[in-house]
Amino acid sequence: MASWLGGLGSGLGQSLGQVGGSLSSLTGQLSSFTKDILLEGAEEVGDAATELHVSNSRLREIESINAAQKSENERLKKICSDLEEKHEAAELQVKQLSIEYRNQLQQKEVEISHLKARQNALQEQLQKVQTAARSSQSAAGLQPATTSASFVPVVRHSSGFEGDDMDFGDLIWSQQEINRLSNQVSRLESEVDHWKQIAQSSKVQGTNVAEQSEICKLQNTIKELKQNLSQEIDDHQHELSVLQDAHRQKLIEITRRHREELSEYEERIEELENQLQQDGVRTDAVDDSKISEQKKNVQNLEGGKAEDLQIIKDLEDEIRRLNQKLSSAKEENKILLKDQELLKVEKIQITQEYESLKSDFSMLQSSVTEQDALLKEQEKKFQSTTMLPEDVVRLQQALLEAEKEIARLSSLNQEGLEKELLHAQHENKNILSTYSEDQNSELNQLRQDLERKEHELNESIAERETLVAELEELDKQNQEATQHVITLKEQLSKQHTQGDSITKQLQIDIDLERKKVAKLEMEKMEAIKELDSQKEKLSQCSYALNDLHISKQQLQNTIKDLQEQLKKSQDRNLHNKKEIKELQQRLKEREEDLSVSLSKLTEKSNQEANYSCQDLILKEREVEIAKLQNNVLENKQRNEDLEKSLSDLKVENGKLVTAFEEIKQELNDAISEKNKVYLEKDSVVEALKMEKKHLETELNQTEKRLFEQAQKYEQTIQELSNARSMDTSALQLEHERLVKLNQEKDFKIAEFKRNMEQMEIDHQETKEMLTTSLGGQKQLTELIKEKEEFIEKFKNQALQVKQELEEYKKASKKQDVLKQNLEEKDKSLAIMKEENNHLKEEIERLKDQQSRSAPMVEPKTLDIIIELESEVTQLKVIKNNLEEEIEVLKKTIEDQNQKTVQLQQSLQEQRKQIDESKVQCEQMNVTHERLSLEKDEEIKNLQKTIEQIKTQLHKERQVIQTDSSDLFQVTKVQPLNGENGNEKHDLSKAEIERLVKGIKEREMEIKLLNEKNVSLSQQIDQLSKDEVGKLTRIIQEKDLEIQALNARVSSASYRQDVLCLQQQLQAYVMEREQVLAVLSEKTRENSQLKTEYHKIMDMVAAKEAALVRLQEENQKLSNRFENSSQDMFRETIQNLSRIIREKDIEIDALSQKCQTLLTVLQTSSTGTDSGSGGVNSNQFEELLQERDKLKQQVKKMEEWKQQVITTVQNMQHESAHLQEELHKLQAQISVESDSNSKLQVDYNGLIQSYEQNEKKLKSFSQELAQVQHTIGQLHNTKDLLLGKLDLVTPSVAMASIVSQPPVIQSSAPEVLSDETKLLQKELEQLKKKLQEKDSTIRTLQENNQRLSDSVATASEVERKGQEGTDSEIRQIKEKHDVLQKSLREKDILIKSKSDQLLSVSENLSNKENENELLKQAVTNLKERNLILEMDIRKLKEENEKIVASCREKETEFRALQETNMQFSMMLKEKEFESHSMKEKALTFEKLLKEKEQGKTGELNQLLNEVKSMQEKAVTFQQERDQVMVALKQKQMESSALQSEIQHLREKEQRLNQELERLRSHLLEMEDSYTREALAAEDREAKLRKKVSVLEEKLVSSSTAVENASHQASLQVESLQEQLNLVSKQRDETVLQLTISQDQVKQYALSLANLQMVLEQFQQEEKAMYSAELEKHQKQTAEWKKKAENLEEKVVSLQESLGEANAALDAASRLTEQLDVKEEQIEELKKEGEIRKEMLEDVQNKLMNLINSTEGKVDKLLMRNLFVGHFHTPKNKRPEVLRLMGSILGIKKEELDQLLSEEQRGVTRWVTGWLGGGTGSKSVPNTPLRPTHQNVFNSSFSELFVKFLETESCPSLPPPKLSVHDMKPLGAAGTGKAGSIPSSSQIQDSAVSGISRRPDANPFLAPRSAAVPLITPATSSGHLLMKPISDALPTFTPLPVSPDASAGAVLKDLLKQ
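Residues numbered from 1 in each chain as written. Predicted model: local features only at pLDDT ≥ 70, side-chain atom pairs only at ≥ 80, totals over all residues. Heavy atoms only, no water.

Novice: Help me understand the overall build of the protein chain in this model?
Specialist: What the protein chain contains, in helices and strands, is 29 helices and two strands. When the 1952 residues of the protein chain are sorted by exposure, 36% land in the buried category. Contacts in the protein chain between residues at least 24 apart in sequence constitute 92% of all its contacts with a sequence separation of at least 6. Looking at the protein chain as shown, the accessible area adds up to about 116000 Å², and 56% of this sits on carbon and sulfur atoms. (Helix = DSSP H or I, 4+ residues; strand = E, 2+ residues; numbered from the N terminus. Buried < 20%, exposed > 50% of the residue type's maximum accessible area, 1.4 Å probe, protein only. Contact = heavy atoms within 4.5 Å. Areas by Shrake-Rupley, 256 points an atom, 1.4 Å probe, with all protein chains shown as cover.)

Novice: Hey, could you run me through the packing of helix H23 (residues 1755–1767) against helix H24 (residues 1773–1784) in this one?
Specialist: What describes two packed helices is the angle between their axes and the distance between those same axes. Relative to each other, H23 and H24 sit at 165 degrees, their axes nearing to 9 Å. Our classification of the angle between H23 and H24 gives roughly antiparallel. As H23 packs across H24, the resulting crossing turns out to be left-handed. Residue-level contacts link Leu1757, Met1758, Leu1761, His1765 and Phe1766 of H23 to Arg1773, Val1776, Leu1777, Met1780, Ile1783 and Leu1784 of H24. Among the residues making up the contact of H23 with H24, the classes are represented as nine nonpolar, one polar and one charged. (Axes fitted to C-alpha atoms, helices over the stretch in contact; angles between N-to-C directions. Parallel < 35°, antiparallel > 145°, perpendicular 65-115°, else oblique. Left-handed = near helix turned anticlockwise from the far one by under 90°. Nonpolar A, V, L, I, M, F, W, Y, C, P; charged D, E, K, R; others polar.)

Novice: Explain the pattern of salt bridges to me, please; I cannot follow it from the model alone.
Specialist: Working definition: two side chains of opposite charge can pair if their charged atoms are close together. Going through the model one piece at a time under the given rule, you end up with 38 salt bridges. Put simply, Asp1098 and Arg102 hold a salt bridge, and the shortest N to O gap is 2.5 Å. Of the two residues, Asp1098 is situated in helix H14 (residues 1054–1166) and Arg102 in helix H2 (residues 47–140); the sequence distance between them amounts to 996 residues. Lys693 is paired through a salt bridge with Glu768; the nearest N and O atoms lie 2.7 Å apart. In this pair, Lys693 is assigned in helix H9 (residues 612–725) and Glu768 in helix H10 (residues 729–853), connecting sequence segments 75 residues apart. Looking at Lys693, the relative accessible area reads 16%, which means it is buried. Of the residues examined, Glu768 reaches a relative accessible area of 25% and is grouped as partly exposed. Taken together, the shared-partner salt bridges in this structure form one network comprising Arg1072, Asp1431, Lys1434, Glu1554 and Arg1557. (Salt bridge = Lys/Arg side-chain N within 4 Å of Asp/Glu carboxyl O.)

Novice: Help me understand the nonpolar core in this model?
Specialist: Grouped together as the largest cluster of nonpolar side chains are 19 residues, with contacts concentrated most on Ile886, Leu889, Val1204 and Val1208. When contributions to this core are tallied by element, the ones reaching two or more residues are helix H8 (435–607), H9, helix H11 (859–934) and helix H15 (1170–1259). Sequence-distant contacts of Val1204, defined by excluding residues within four places in its chain, comprise Ile886, Leu889 and Ile893. (Core = buried A, V, L, I, M, F, W, Y, C linked by side-chain atoms within 4.5 Å.)

Novice: Whenever I open this one, helix H21 (residues 1647–1666) confuses me. Can you help?
Specialist: Because the α-helix completes a turn every 3.6 residues, residues three or four places apart line up on one side. Here H21 contains 20 residues, and its C-alpha end-to-end distance of 27 Å stays within 8% of the 28 Å for a straight helix at 1.5 Å per residue. For H21, the full list of buried residues reads Leu1647, Gln1658, Glu1661 and Ser1666. Relative to the axis of H21, the buried residues are bounded by an arc of 120 degrees and lie together on one face. Structural note: H21 exposes Asn1649, Met1652, Gln1659, Ala1663 and Met1664 on the side pointing more than 90 degrees away from its buried face. (Expected span 1.5 Å × (residues − 1). Arc of directions from axis to C-beta.)

Novice: What exactly am I supposed to notice about the packing of aromatic side chains here?
Specialist: Any two aromatic rings considered together are summarised by their centre-to-centre distance and by the angle between their planes. Across all of its chains, the model carries two aromatic pairs by this definition. Their ring planes at 10 degrees and their centres at 4.7 Å tell us that Tyr1093 and Tyr1243 sit as a pair that is stacked. Of this pair, Tyr1093 sits in helix H14 while Tyr1243 sits in helix H15; the two residues are 150 residues apart in sequence, bridging distant segments of the chain. The class of Tyr1243 is buried, set by a relative accessible area of 3%. Consider the rings of Phe1762 and Phe1766, whose centres lie 4.8 Å apart with planes at 75 degrees: the pair is edge-to-face. Here Phe1762 pairs with Phe1766, and both are found in helix H23, just four residues apart, close to one helical turn. Cation over ring: Lys793 sits above Phe790, and NZ or CZ is 5.6 Å from the ring centre. (Phe/Tyr/Trp six-rings, centres within 6.5 Å; stacked < 30°, edge-to-face > 60°. Lys NZ or Arg CZ within 6 Å of the ring centre and 35° of its normal.)

Novice: Sorry, what's going on with a positive patch on the surface here?
Specialist: A contiguous patch of positive charge on the surface is contributed by Arg60, Lys515, Lys516 and Lys519. With three residues, H8 is the single largest residue contributor to the positive patch. Relative to the helices and strands, Arg60 resides in helix H2. (Patch = residues over 30% accessible without salt bridge, like charges linked within 9 Å, V, L, I, M, F, W, Y side chains within 5 Å. Lys, Arg positive; Asp, Glu negative; His and termini not counted. Charge placed at Lys NZ, Arg CZ, Asp CG, Glu CD.)

Novice: Is there a simple way to explain a negative patch on the surface in this structure?
Specialist: On the surface, Glu261, Glu264, Glu266, Glu267, Glu270 and Glu273 cluster together into a patch of negative charge. Positionally, Glu273 belongs in helix H4 (residues 209–282).

Novice: Sorry, what's going on with the environment of Phe1260 here?
Specialist: Within the fold, Phe1260 resides in the loop between H15 and helix H16 (1268–1298). Taking the relative accessible area as the measure of exposure, Phe1260 reaches 37% and is therefore partly exposed. Remark: the alpha-carbon pair of Phe1260 and Lys70, spanning 1190 residues in sequence, is separated by 9.2 Å.

Novice: Can you walk me through the side chain of Lys1470 in this structure?
Specialist: Structurally, the position occupied by Lys1470 is in helix H18 (residues 1406–1491). No salt bridge is formed by the buried Lys1470, whose closest oppositely charged neighbour, Asp1521, lies at an N-O distance of 4.7 Å. With sequence-adjacent residues up to four places away left out, Lys1470 is seen in contact with Gln1518, Asp1521 and Gln1522.

Novice: How should the packing of H21 against helix H22 (residues 1669–1749) be read in this particular structure?
Specialist: Packing of H21 against H22 leaves a shortest axis separation of 5 Å and a crossing angle of 50 degrees. Viewed along their axes, H21 and H22 adopt a mutual orientation that is oblique. Where H21 approaches H22, its residues Lys1662, Tyr1665 and Ser1666 are matched on the opposing element by Leu1669, Glu1670 and Lys1671. Its residues assigned to classes, the contact of H21 with H22 comprises two nonpolar, one polar and three charged.

Novice: Would you explain the environment of Phe1766 in this entry?
Specialist: The exposure class assigned to Phe1766 is partly exposed, which follows from its relative accessible area of 44%. Separated by 10 residues in sequence, Phe1766 and Val1776 have C-alpha atoms that sit 9.5 Å apart.

So, to be careful, I would describe these as geometric facts and stop short of saying anything about function.
Laid out in structure tokens, this is it:
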């Protein structure tokens, strides 16, 4: 996707860049045009604008009608698609039902096949019985009347309902088969009777044991076959279920893929639309950048404004706060005054009450309680004042502490007073005299207290006065701020109104610009439509090119494939010949062996008639001979089979040759069609060029005429105006005459010029025609040359193929000669062996005679005896072993015979299946041909499938190579096993190993050559793919260039479009008819494709089932074969090792025996007697005889062993061949299944895409009018090419089936015997094999060379093709460049002359005529609209007819469902009948078994089979009935098709009527054009008449001029002067024309410079425009932003106004509170002064204490610190130690060192002495707030130490409440400094007490921690929304969460 989009993007970029260039030139033209219009004035914009508006409005109406029609079409398409879906669903249901019925029918057919198999088995048994009867009758001379040889059953395997339709021929055939079967049944009955008689006679005579054994074997085989059949049925059913599931999954996957593809296409469309939008937006990018810069400037200015407003607001907020403070101060003053009054009252009361002690005491108590209450009230009031500054807060805190101390002291005073009173009472009682003294002392104390309080009051009053002065100043500032706020409000309201007006203006501008944008978009859409149409044309051309290239490549590939097939068929023929010759050799060998064995048998019967054991041996040999005869017969049958296969191969070869010839013919056809296509294309291009040139010439002529006429009319107008200014009428007449004469002369000159121009144009046209015809001839010559080259190449290839054939024939002849030599040598070897044996026997006889003649025993004879005995024992052992081996080998032969029978059966089945698959493939190919003709878009999918098939072919080759390697491994194992039995022959082993190594090396070379072949083929494929890719890229680039050129060409004027439309309408009517015909054809083909699709699906299902079955059988057979072969090899190795061990043991025993015998003989020789010598000689003779016998037996056994080994090896070879064939078949089937699955997927994709294409065709039926002329011509060529393509694709598939070279390796090294001659023979064979392999290597090398040559030739051909295409593309480019140059020149001319035309257009009278023509054109367009509406109505009617046909199809489907139900009922009835027939058959069988038990079982089976045949006859009748029903259905379908054909004919009639109507319309149009032309000619004639009249008038006026006075002559002279001036002007204009023409030529040369100039000119125009357009855009953008900002400001101001109003309300409340607080402040100030004095005293005391306690540390404090250090967390402990250090006066640096040492692990003594209690009572417990961060990490003692530090540091002076000192306050979020300080800040404050902030102490902060006091100065915002500054007094603390806003705080304050 990414690569595709990238390519698209690059292409679009190029095309859009070109479009941009053309647009820039257009804008330049427009700008110049607008300049001229502006200069000439607004008078001239009248008729043209109205005409344009009218035409645009009509176009819009037509477009709206078109859109409505499109929407209706889409709705109808949706309805059609819904109906099609319903139709498909119904089809699926019908398919399911038909599949079920087919399954049932298949089951029935399986049962029939079982019965047929039983019949065949019985027939075979009959044949065997006949043979036995003949053998028995040969003695009696009887011959049966009827022979079974005449009875050859012909079994036709009916595949059941492969398709829904059955032919009538099938019915006839079924009837014939029924008749034939009945005849067979009757014949079989007669034969049964006959054989019964023979059997009875043979039983009387006697039965052979062999026949019974054969019967048993046959019965066993029948049972096994039955079991296999049942297993196969089960497997088949399982496979069916699996295939159904697989099919469902495939359907699901296909639907999913389809959806994914749809989504991808939608994404692509969206991306393309986005790209188009982005291209549209790019033009405005420059303006946007400038607008964005100005916006930034505006934003910066607005930001400055906002900052100024914020500063003003901050000042206003500060003024409000000062007002609030004033009010609070006033309130505090009031409170203080009240307190003063109370104190005065108290004074009076105290003076009164101190008269007596009790009264005084009570008064003191009341005064103390009142003071406490007042203090509490003051504390409450102080808490509520959260708006005070921090300095005031500190003073208040100090006052509160002082008051607390005073209260404490007062409480102490009270206690003292009470004590004194009690004491006084006691003293009063006791001593009355002391009363007066106590009273005086108490009074003195009270007076001192009063004086203090008065002093404090005075101080508070002074402070109040200062506060009042400050409050007055603040009031003034507040008034000023309020006035400023009011003015600001007024200014803001004015700005708001101005902003509203500006926004309205901006909205109007925006609307205007939107309208402009809409117009531009409409123009853009039109341009895009034109681009799309031309893109479609180009894409179709590229598709055609691609198709031609692909067809070329495919034809080359087919030729290569056919050559390969020829080679392979030749190889197969040679191989088959080799096999036949080998089999003949084997037959000859066996016949020779038989003759030898018979001769030996006769000899043995003559020699050994006395021995009974020999009789047994003879019997065994006879049995073996019989078996060998059977083997010979089997071999003969195999020979016959091979001959049949040879004939089949020859037939296939012939077919391939015919196919090759057909493909050659197709190639020639394709070449001719290509030539036609090229000629058609050239003709079309030439016609288009001619039309274009004609149009251009006509345009130029009309423009020149108009220009000249305009000039002439201007001159006439000027002259007439001059003439009017003349005084006398005579002079005027003369002047007018002269002017008219001048005009006539000018007209004549113009006519002459026109004639000249026409002549020049004709000359140019003839030249262009000549050039085009020459170019076409050149192209044709090039094409002819290419075709000749192709023909030569094909001839060369044919010659190469013939040469290769001749070489192969020579090689085959050589091989035949070599084989004959081999056979002769083998015969000579056998003769030599026999001679050797005879010589040995003669030697032995001579030795016997010598031993008999020699009565005296010599030591040599003893050695001979010992050797003979040892040899006898050895031979006995060998005999036993050989017998065992023979038995084992017999068993293996039997097993392998069975396996070969099974394999042959499976092979036959697979061949049948392959044939079926071939037929199916042919059907598939036919369907694909039809599909390919319909579909143009799916060629790419087919290319993909072809590439996949190629990859599969490579895989198959690799598979074949692996098979060959496996075979080689098998052949390697066998000689190794043979070597184990022959360990004595070391030399022969070494030689064999060398040869084996040589063979392996040759095999490796062969493998390497095969790999090279594969790599070369891959390279060829890659080259072809790469070249195809290059060609496609080149074509895409050329497409893009052509698109760009078309885009440039397409930017013609409106009139050109009108003319083109008028010309194209005639072509479009014809094309519309063609489109309708194509649509009807495609609907027909769609129905055909659906039916074929169903057939293919059924065939594929059957084929897949067969495939799975074959694969399972192959696996079973391969497993069995491998197991059996491995077991055989193991057993042989074990036997050989055992034999060797036994031989070694026997040799040892015999050596010991020989030694003992030697000793015995030596002893016997010392005492020699005659009797003993006789005994020794007798024993010797007996031993010799025994040895001879044993030797003969051993020889026979060895011969038998060799024969058995050869048979075993032959069997193994055959099994290996069968396995190879199985592997090949498996590979073929897998390939076919893959190809089938791919074809299925492709087919489904094709159907879906076909449906989509149908929808698209319906939607584009109206829009096709722009493109269809070219498509109609390209369609025919494309269809022909695609037909050939699809004919080629099946041949490729067949080639993949056929092109599997048989890898048959016949390397069966015979087992080595004891003699060295056999080894020599084997060596010779191996050498011959080496030579053969050398020859194969040479042939492969030659093939490689040929392949490389073919690659080179192919690459050269493709290069030539590319060069040809490049040359064509260059020619096209040159033509395009020429056209572009001419277009540019003519564009410049059009620009210059259109400006002049527009300036003069109002004064022309021809404009009226043109208006009339335009009106006529409009009427014509209206008529066309009406015609289109009629067409739409007809389309609607056709849609309704389609709906009706859909309904008819639904009714047909219902009828089909009903017929399906009838079928099901019929099936059930027939099932019931079959069950009943089966039951009857079973009963008959039982009866027959009871009657004829044992011996008559076979006849019962025959009777049962007869009954089954009858049942089959019944079933055939039923099938006939079904076929009749199917025929009726077919008739119904044919009638429906006939009705459809009639419908189509009616459609054709309608279309013909439409054609006639359109032709009549065209004739009318032509008549109207001719009328207009005649009218124009009439006008010209009238004008000429007028000119002649004017000439006559001139002649008459000339007489009057002669009679006139000298004044008239003077006037005439003046007029002549004017005429001279006019003529000069005319000459100047002519010169200007020539100059302008020269300039035009210069423009053509200096286009590049002009483009640069144009860009500069555009920039200047932008400077002009930007004052209007861009400025407006910028202003709109700026005003938009301003409006948005103003709206935001308005919203914020409204919010701030609301807040300000709320704040003013709060301020009014706060002023009231301030008044109250001021009174309290005054009172508190008084108290504060008193407290200050107390504080000073306390401070003095503290200083004294500090001086006294310097260098001392409080134990409790240190203990608390120590305990707190351990209570604190570990991460905070260093901070506690730092505090302790600061208390102890240790420096910071020393502390840091200590802490670092402590972290390192060094412990100091400091920790030892630190100790203390848990807490001290003197430390006051102040509650902590939960918002503090440090509370959780700090201990109480640490906090106390901090408190002490803060107290010990001197406080800052009180704040000055000036405006300059006030800080701008930020938001709560940023004020980190305002929040509770961290531990690091606390530490810093501990060291630097002066520099720290007063807010740092967490104990002394009474306000909420959430409200920060200190904020950074940079932050901005509303003042009321911000926290309190550090220079103002505060109220009581409010518990606020840290997340809460300042607005919430204000609301809480207002509530209070």
